[in-house]
Amino acid sequence: MATPHISAERGDFAETVLMPGDPLRARVIAENYLDNAREVTSTRNMLGYTGTYRGAPVSVMGSGMGIPSMSIYAFELYTQYDVEKIIRVGTCGGVSDSVAVRDIIVAMGASTDSSVNRTRFGGHDFAAIADFGLLEATVGAARAAGIEARVGNVFSSELFYNPTPDFFAMMQSHGILAVEMEAAGLYGVAAETGKRAVSILTVSDHVMTGASTSADERQNSFQDMMKVALEAAAGAN
Ligand SMILES: O=P(O)(O)O[C@H]1O[C@H](CO)[C@@H](O)[C@H]1O
Ligand SMILES: O=c1cc[nH]c(=O)[nH]1
């Protein structure tokens, strides 16, 4: 069997799929963090792998950038491949004064300028939130590893290059921690399909201060995020 965008067979994916935006990052995760990883899909070069972590099956697959791309892959994984949990592992731009580059953020909720959740929710505002069990497992895994994780509202933006004046100042005044481009879409698809999702993000740059991470810093915070995500995947009921 194959879907329009995934060439795997049914049973090729684990119940839990980690999703970075970048498919090459999916390959790095599979090669460095999973045991016995094998490629299960490569349609459009959106690479997906399944292996094990501490003996339990786990998959990793790229989502692409933006809500439309994430929505396609998440929908097909949830509805055609019996996937129950998706853990997004991505990067974000810090917005709040209280977050700094390298911080790890768990998106309890995701605000957005995208209309996709309204489209699927009869024109009403939909509160795009993480699954509580996955959120708890993620925060617990971070605490157990001595890694500080900030938990709160992020903003899933349609545009990376947004020309609206004071766009980020408005977010900051509403307590948004960071900006990224997929979480609200992922949470909407999870709700629509009765499945579970959480997003874990590392702050790669700060949109208010202009601070950005060096390659080494990015690698360290990426490792912390992966530890949290994999332990949460192993520990979540
Ligand atoms: O690092 P990833 O997961 O791709 O996430 C962030 O990076 C991309 C923009 O550069 C967007 O996908 C945004 O959400
Ligand atoms: O979407 C994103 C991701 C990282 N940094 C940003 O400024 N935006």
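Residues numbered from 1 in each chain as written. Chains lettered and ligands numbered in written order. Predicted model: local features only at pLDDT ≥ 70, side-chain atom pairs only at ≥ 80, totals over all residues.

What to know about the site of ligand 2
Formally: Here, nearness means that the C-beta atom of a residue, built from backbone geometry, sits within 6 Å of the molecule or strand in question. Strands here are runs of E lasting at least two residues and helices are runs of H or I lasting at least four, both read from the DSSP assignment and numbered beginning at the N terminus. Residues were grouped as follows: Ala, Val, Leu, Ile, Met, Phe, Trp, Tyr, Cys and Pro as nonpolar; Asp, Glu, Lys and Arg as charged; and all remaining residues, including Gly, as polar.
The full set of residues close to ligand 2 is Thr91, Cys92, Gly93, Phe160, Val179, Glu180, Met181, Ser204, Asp205 and Val207. Listed by contribution, the elements that provide at least two residues to the shell around ligand 2 are strand 5 (85-94), strand 8 (178-180) and strand 9 (196-206). Considering every element that reaches the shell around ligand 2, the biggest residue donor is strand 5, with three residues. Split into classes, the residues belonging to the shell around ligand 2 amount to five nonpolar, three polar and two charged.

A closer look at the UniProt feature "active site" (unreviewed entry) in the protein
To keep it simple, the criterion reads: UniProt positions are given in the numbering used here, feature names are shortened, and annotations may be inferred rather than shown by experiment. Exposure classes come from backbone-placed C-beta atoms, where a residue is buried if 20 or more other C-beta atoms lie within 10 Å of its own, exposed if 12 or fewer do, and partly exposed in between.
In this numbering, the UniProt entry assigns the feature "active site" (unreviewed entry) to Asp205. Its location among the elements puts Asp205 in strand 9. Accessibility expressed as a C-beta count within 10 Å gives 17 for Asp205, which makes it partly exposed.

Here we look at the packing of helix 4 (residues 132-144) against helix 7 (residues 215-235)
Filter applied, for reference: Structural elements are reduced to axes, namely lines fitted to C-alpha atoms, with helices fitted over the stretch in contact, and the angle between N-to-C directions of any two is expressed from 0 to 180 degrees. Oblique is the label for any angle not covered by the other classes, which are roughly parallel (under 35 degrees), roughly antiparallel (over 145) and roughly perpendicular (65 to 115). The sense of a crossing depends on the near helix, which, turned anticlockwise from the far helix by less than a right angle, makes the crossing left-handed and, turned clockwise, makes it right-handed. Note that contacts rest on C-beta atoms placed from the backbone: two residues are in contact if these are within 7 Å.
At a minimum axis separation of 8 Å, helix 4 and helix 7 run at an interaxial angle of 125 degrees. By the angle class used here, helix 4 and helix 7 are oblique. As for how helix 4 packs across helix 7, the hand of that crossing is right-handed. Contact residues: Leu134, Ala137, Thr138, Gly140, Ala141 and Ala142 in helix 4; Val228, Glu231, Ala232 and Gly235 in helix 7. When the residues that make up the contact of helix 4 with helix 7 are grouped by side-chain class, the tally is six nonpolar, three polar and one charged.

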